[in-house]
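# Chain and residue survey
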Protein chains: 2
Amino acid sequence: MSNLTSLVEPQFSPHTLNKFATLMAAGNGYLGLRACHEEAYTEQTRGMYLAGFYHRASATETTELVNLPDVLQMRIELDGEIFTLLSGTMLYYRRELDFAKGELRRQVTWLAPNGKRYQIDCQRFLSAARHSLLCSRISITPLDGDALVTISTGIDATQTNSGRQHLDETSVRVFDQLYLQGCYRTLDGSNEALISSFCAVPSQACTSFSAKNRRLTQHCTANVTQGSPLVLVKTNWITSSLAADYQPETAGEQALTNLMACVAQGYDQLLAESEQAWHNWWLRSRIKVDSQNGQDQRTLDFALYHLFAMTPTHSERCSIAAKGLTGEGYKGHIFWDTEVFLLPFHLMTQPEIARQLLSYRWHNLPGAQAKAKKNDWQGALFPWESAWSGEEETPEFAAINIRTGLRQKVASALAEHHLVADIAWAVDAYFQATGDETFMRQRGTTLLMETARFWISRAVEVNGRLELHDVIGPDEYTEHVDNNAYTNYLAYHNVECALRYQQRFAVPDREFVESANDFLQRLWLPPVNEQQLIPQDDTFFSKPSIDLAKYKAQQGTQAILLDYSRAEVNEMQILKQADVVMLTYMLPWLFTPGQIAANLDYYEPRTIHDSSLSKAIHGVVAARCGRVEQAYQFWQQASRIDLGDEPHSCDDGIHAAATGAIWLGAVQGFIGLTVEQGELHLNPRLPAAWRSVSLPFNWQGTKVQLTLTPHQLSMTTDTDQPLTLWLGQKRLSIRRAQSLSLTDFFTVESGSGTMKEAES
Amino acid sequence: MSNLTSLVEPQFSPHTLNKFATLMAAGNGYLGLRACHEEAYTEQTRGMYLAGFYHRASATETTELVNLPDVLQMRIELDGEIFTLLSGTMLYYRRELDFAKGELRRQVTWLAPNGKRYQIDCQRFLSAARHSLLCSRISITPLDGDALVTISTGIDATQTNSGRQHLDETSVRVFDQLYLQGCYRTLDGSNEALISSFCAVPSQACTSFSAKNRRLTQHCTANVTQGSPLVLVKTNWITSSLAADYQPETAGEQALTNLMACVAQGYDQLLAESEQAWHNWWLRSRIKVDSQNGQDQRTLDFALYHLFAMTPTHSERCSIAAKGLTGEGYKGHIFWDTEVFLLPFHLMTQPEIARQLLSYRWHNLPGAQAKAKKNDWQGALFPWESAWSGEEETPEFAAINIRTGLRQKVASALAEHHLVADIAWAVDAYFQATGDETFMRQRGTTLLMETARFWISRAVEVNGRLELHDVIGPDEYTEHVDNNAYTNYLAYHNVECALRYQQRFAVPDREFVESANDFLQRLWLPPVNEQQLIPQDDTFFSKPSIDLAKYKAQQGTQAILLDYSRAEVNEMQILKQADVVMLTYMLPWLFTPGQIAANLDYYEPRTIHDSSLSKAIHGVVAARCGRVEQAYQFWQQASRIDLGDEPHSCDDGIHAAATGAIWLGAVQGFIGLTVEQGELHLNPRLPAAWRSVSLPFNWQGTKVQLTLTPHQLSMTTDTDQPLTLWLGQKRLSIRRAQSLSLTDFFTVESGSGTMKEAES
């Protein structure tokens, strides 16, 4: 796709090394590679991660995604000067992440301290076509006289996760004086990573190898003529014992064979192959927008680039970490973010990936059942933080309070149980979007029933009604409350779905049906009050409010906790993110537009948006309330969580859910494409700045291309089967290609592109 | 001592960061601290080590001296510019290690990329008076306008040994918003290191704290007026559970109390206290030389500085590692270097330290006995590489051969057994120098008898005579030989000493006496042949020689192994270091001057000197042969092992034995002060360049100050007891102060300062 945008880093700064290492990270769902420079910087956190490759460094530490040995680093000496952009003068610098190819390119003209200029061009990509393949190319051209160039690169296993080492170096080899291979086993002996590497050097170069201090290194020295580039191509093949077909005895040889096959093709051909895979992805996924704000297209391309990079399509034993594969934040753990913020995108583009993400939970049912049982509940209590095994990975205690020396118990794993219902919500959404009965028979219904059983057992009876006590909703600033609205409504939805799908897809289970019916009849669902408001929990409305302007101005930083203790925050109407707004986002059909708007208006001023999950959802809900410009503001602000100017906001990785939320904002908010009760609904509400938007999507096996302008809707499908959807309040049937005037369906508000539903 | 030299690094270079980090390292025998800069550099290996604090990172790794959390690093921002000498322009740079105080000082005037100049002065010392105390001071002066200065520093536990992590961060605290404390436990749970730190900041500074990713950090920001320095003083107190009186429950509080007491005194007073301790050391130890080569005095001061820094005087459970406490080379293990190259210095200056070093071996007898038993021998077979436990720490296999994938068994631990006799040799030397009967009764005789029992059991009978088969002498280029001369003679000396001291200090043991006598009567001691030569082993003389000029030119690099395999080298007359020369150094009284010279002449051309232990011993032997200028050349070359121009020769630590050998060369070689049969011998042979030399020493409890010129000897003692010594062939008695003309004792060779003994 030639008109894709790119992300450009126009200047080098030691202050933003980690921000751009995250933003420009490479990924193919199997591997993730931070966009670190070839040359090392002390301020730069280098990182390469393999989906599912977790390890716990010691009994007192948390399982985390292992930072693998580094294959990209190069120590470059130019006429004896160690190349670093901190020294000498940068005469030219440009780094660009090409979203179309997934290639990162850097061009530097460096005036070294010795007074000579050198042109250094770097390229790299993680193959979208072969997930073990990482290629890089560096070209060095002396501009002022010939130069003696020395490059040392190899496999560097001194990498750690902030000092935590996970790997034993079990073997390092050089085969045929050409191919490097290192085998690294986790300290607990459970897994190994195998890295094979070949560095093609020009024939005039002199090469030697060394293995010392966990570094297997190739040293290459060459005399380079002025104006003629020295080109090195490094091809790396990275595998691990996580692969089902991994045989320790033959894996090394197999990897070398694969590496050699890649080497034979060369950088450009391998890149072309990868670009083709990217091309197919963009065809399936890309949202094209014609906006007065040029950034909007880049925002969408950026989000989708990362949605590809983070998604492990190769294995249903992996899911998407909160930071994708771009950094060590949240230790590479998997949260509810995946099901609620990321799965909807896949539902609409590649539903088989959504199925795979749900299968990850299905495989991990034993851990969830064990956690429920351990706490004397039934069914499946999925872990708040999940890694490979599906056991609870949330640390039992938070980091030590350095002032008191105390460690607080982490409440999320104990009480933030809504994720159980979120997973069930995603199962329902999957079936609605796909009608995949096989999945429901084999896995989906089990997931629904086991999660439902958890809620049924977790409820407590109070004067005949069932309540959910001592929970935490998505708003983590309000802990250990009773009848959190989000949780209760979602739990109800969970059990309701379980009952419904059970009857359709599972063997009859009278006991379950009875207990589920009882639960649904007696569960307390906090009702909408006279002010149209839903109380966040039993005591929320009784708590005082304060002016949050100061903290909203610093949102995302948790600055409130510098002025108030957590316990104090808990006793005020202060929200990290708004539970009830989130509830109206998740189950919109339960509430009237007026109720949704009233709750948005009440809760938003009380919400700091310290969570990256907050803004975009507010945007979707605002859009649904017809407040398109407010929604657009929320959406733009949400896109700045990673892309904004704050130099350290994403040092430890991308906000994966926020990239999904950028898509949600555009699709569910502005385009207004949602699924309710198994039917497609379209309620377009484009921001005034958007002249048109188009997106491809997948609906029940039909591929659809949709284009919207403020007044026009065009749709094409790839089959002759009619596509049924609701446009506003009208049900339509579309076949092949159709263009509609939106004014037939909506009234346009004067002075804006916003529409209101025409009276039906 | 005001006239002590200093070591000056006149310029900053990224190429020599590690060389100078080693050369300028701080140490007090308890702690060692590499001279890394406050600001980090990727090329720089930071390191702080605590004597005896070893750990094995995993079952496949080797026990190593743990690189402790870093307290010296500072991230400095000056008006938003991150301070690094790679960027901007260095207008002035000077770094100096002050041997008199043990203080490292750096002065930098930095023109930042922003065009403003800043003066940055750094100082630090490890206290010679309180071994847990490390102080640093930094002063930053903006020279062009006021400046906003931000400094982040604390306790950084992301440090590793080349990626191997040994420590769990078990607790990090900030007490009273002032004092940082981190507690770190080895992964095996056996030990903990406790680091307490206080950073005094000026009152105008704004301070905050953070604890994240194994970094406990204090952030300090201040507006600094042009011309007025911002001064930060950081005081650190470092202890560990190795201390016999360490109580985990109270250690933290005790450490804070000690830290606060230091803080109350302030940098200057603490430095003065440390300087006083250094002063006392120099009074006891310093060799003053008036040489035409100005470097000679610095060489000696450098060697003695490091002899202090590396010696753990606080505990007889510690000994001196091959790299002292300056780096990770040889994993911080202890070799025969200690007894043979370092102990003689202590014998002559502080014999109680020599006793302590021997006690280290005595404490570790169980490990040595176990190793002997495991191999079906008796007595004590000390480990070739020793750490805390006294078990064999030599890795069983060498590093993998990256081309073949094979790992060779490390031969040293299997066959390099001469260290057993070396330890016995040192016990004998200790008693000769001190007459310490208590030590011999309690520990020394046991060491001698257990080592003797090993040799007795190890000998094999061949046609009635006893031989020592399959050994490696100090020359590691000749492996698995029979009757290595060095080993056989030293083993004989070992058993002979054991027999002698046993009869004097131990209960009669007829069985031992009989077996020892039998061993002494029947052990094969390769005799001097007709050419006056001693064969290095049974087959040595039958092997071919080659021209070694090429390899001698690259000595210290093991370049021979690039052209020949180890097996090939083994079958030629190629020596890493010369065994027979070493033998004549160790037991000179067994050989005539002519024999010693003949062997030096034969073996030296066959010796590459790839071992840092080689040159200096050749120097002493050459001096004893009256070849003073050759000896002086050897000595100067030996001093360049660390101090020479090669930028990476000591990256991973000082050559501890080589510093001892600098002392040996001066004292045993040029001054000619040795002990034989319990008597002091003086045979001066000053190099022509030396106008005078003086040294203090300790002899049987008497303190002696000796001054030599080419023709004059002056001695003063601190008691009225007469001091008996041999000057050449004449036995003298000296009382209080005496001055002698050397020409009364020696004839001066014309044209040089060299003397020959006068006919007696």
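So, here's what we can say about the structure. For every chain, the first residue of the written sequence is number 1, and numbering continues from 1 along that sequence. Labels follow written order: the first chain is A, the first ligand is 1, and so on. Confidence filtering applies because this is a predicted model: local features only for residues at pLDDT of at least 70, side-chain atom pairs given and counted only at 80 or more, and all residues used for totals across whole chains, interfaces and linings. Hydrogens and waters are ignored; side-chain quantities use all the structure's heavy atoms.

Secondary structure elements follow DSSP: runs of H or I no shorter than four residues count as helices, runs of E no shorter than two count as strands, and numbering proceeds from the N terminus. Helix and strand counts for chain A stand at 20 helices and 32 strands. Oriented by its inertia axes, the alpha-carbon framework of chain A measures out at about 85 × 60 × 55 Å. Burial analysis of chain A (760 residues in total) assigns 62% to the buried set. For chain A, the share of sequence-separated contacts (at least 6 apart) that also reach a separation of at least 24 residues comes to 66%. For chain A, the accessible area works out to roughly 26900 Å², and carbon and sulfur atoms hold 48% of it. Charge-centre separation for chain A: the mean point of 64 positive side chains lies 2 Å from the mean point of 85 negative side chains. The buried label applies to any residue whose accessible area, calculated with a 1.4 Å probe on protein chains only, is under 20% of its type's maximum; exposed applies above 50%, and partly exposed to all values in between. It only takes one pair of heavy atoms within 4.5 Å for two residues to be counted as in contact. Only the protein chains shown count as covering a residue, and every accessible area follows the Shrake-Rupley method with a 1.4 Å probe. The charge count treats Lys and Arg as positive and Asp and Glu as negative. His and the chain ends do not count. Charge positions are represented by NZ for Lys, CZ for Arg, CG for Asp and CD for Glu.

A word on the packing of helix H16 (residues 579-586) of chain B against helix H17 (residues 593-603) of chain B. Residue and element names in this part refer to chain B. Orientation of H16 relative to H17, taken along the N-to-C sense of each, is 155°, at an axis distance of 9 Å. Accordingly, the angle class assigned to the pair H16 and H17 is roughly antiparallel. Relative to H17, the crossing made by H16 is left-handed. Residue-level contacts link Val 580, Val 581 and Thr 584 of H16 to Ile 596, Asn 599, Leu 600 and Tyr 603 of H17. A breakdown of the residues in the contact of H16 with H17 according to their chemical character gives 5 nonpolar, 2 polar and no charged. As a rule, the C-alpha atoms of each element are fitted with a line to give its axis, helices using only the stretch in contact, and angles between N-to-C directions run from 0 to 180 degrees. An angle below 35 degrees is treated as roughly parallel, one above 145 as roughly antiparallel, one from 65 to 115 as roughly perpendicular, and anything else as oblique. Throughout, a crossing is termed right-handed when the near helix is turned clockwise from the far one, and left-handed when it is turned anticlockwise from it by less than a right angle. Each residue receives one of three labels: charged for Asp, Glu, Lys and Arg, nonpolar for Ala, Val, Leu, Ile, Met, Phe, Trp, Tyr, Cys and Pro, and polar for the others, Gly being one of them.

Okay, the interface of chain B and chain A next. Every contact between the two is made by 46 residues of chain B and, on the other side, 46 residues of chain A. Here, a salt bridge means any Lys or Arg side-chain nitrogen found within 4 Å of an Asp or Glu carboxyl oxygen. In this structure, the connection of chain B to chain A is made through 4 salt bridges. With a closest N to O distance of 4.0 Å, Glu 61 of chain A and Arg 214 of chain B form a salt bridge. N or O atoms closer than or at 3.5 Å make up a polar contact, with two conditions inside protein: a donor-capable atom paired with an acceptor-capable one, and, for residues adjacent in sequence, both atoms drawn from side chains. Here chain B and chain A share 20 residue pairs in polar contact (both at pLDDT 80 or more) between them. Of all the secondary structure elements, the ones that give two or more residues to the side of chain B that touches chain A are strand E7 (74-78), strand E14 (167-175) and strand E17 (206-212) of chain B.

Once that is clear, we can look at the sheet that holds E17 of chain B. All names here are of chain B. Across the sheet, 5 strands lie side by side as E8-E7-E13-E18-E17; this open sheet has antiparallel pairing. Each edge of the sheet is formed by a strand with only one pairing partner; in this case those strands are strand E8 (81-82) and E17. Pairing between two strands requires that DSSP report at least two bridges joining them. The pairing of E7 with E8 spans 2 bridges and is classified as antiparallel. Bridge pairing in E8 places Leu 78 opposite Glu 81.

Once that is clear, we can look at the relation of the copies chain B and chain A. Once chain B is rotated about the relating axis by 180° and shifted along it by 0.1 Å, it coincides with chain A to within an RMSD of 0.1 Å. Such a turn and shift between the copies fits a two-fold axis. Residue Ser 87 of chain B of chain B places its C-alpha closer to the rotation axis than any other residue of that unit, at 2.2 Å. C-alpha atoms of residues with pLDDT of at least 70 in both copies form the basis for the least-squares superposition of the copies.

Once that is clear, we can look at helix H5 (residues 337-349) of chain A. A helix is expected to reach a length of 1.5 Å times the quantity of its residues less one. Compared with the 18 Å implied by 1.5 Å per residue over 13 residues, the 18 Å span of H5 of chain A between its first and last C-alpha is a close match. Counting buried positions over the 13 residues of H5 of chain A gives 13, a clear majority of the element.

Let us look at the sheet that holds strand E12 (residues 133-142) of chain A. Residues and elements named next belong to chain A. Read from one edge of the open sheet, 9 strands run E1-E9-E10-E11-E12-E19-E16-E15-E14, paired in antiparallel fashion. Strands at the two margins of the open sheet, each flanked by one partner only, are strand E1 (6-9) and strand E14 (167-175). The average undirected angle you get between the axes of adjacent strands in this sheet is 15°. Direction of pairing for strand E11 (residues 117-126) relative to E12: antiparallel, over a ladder of 9 bridges. Note on E12: the bridge partner recorded for Gln 123 is Arg 137.

Let's shift gears to unusual backbone geometry. Residues and elements named next belong to chain B. Positive phi outside glycine occurs at Asn 213, with the angle close to 50°. Along the chain, Asn 213 turns up in the loop between E17 and strand E18 (215-224). In this structure Asn 213 comes out as partly exposed when scored by relative accessible area, which is 34%. Even without glycine at this site, His 609 takes up a positive phi of about 65°. Position of His 609 among the secondary structure elements: in the loop between H17 and helix H18 (614-624).

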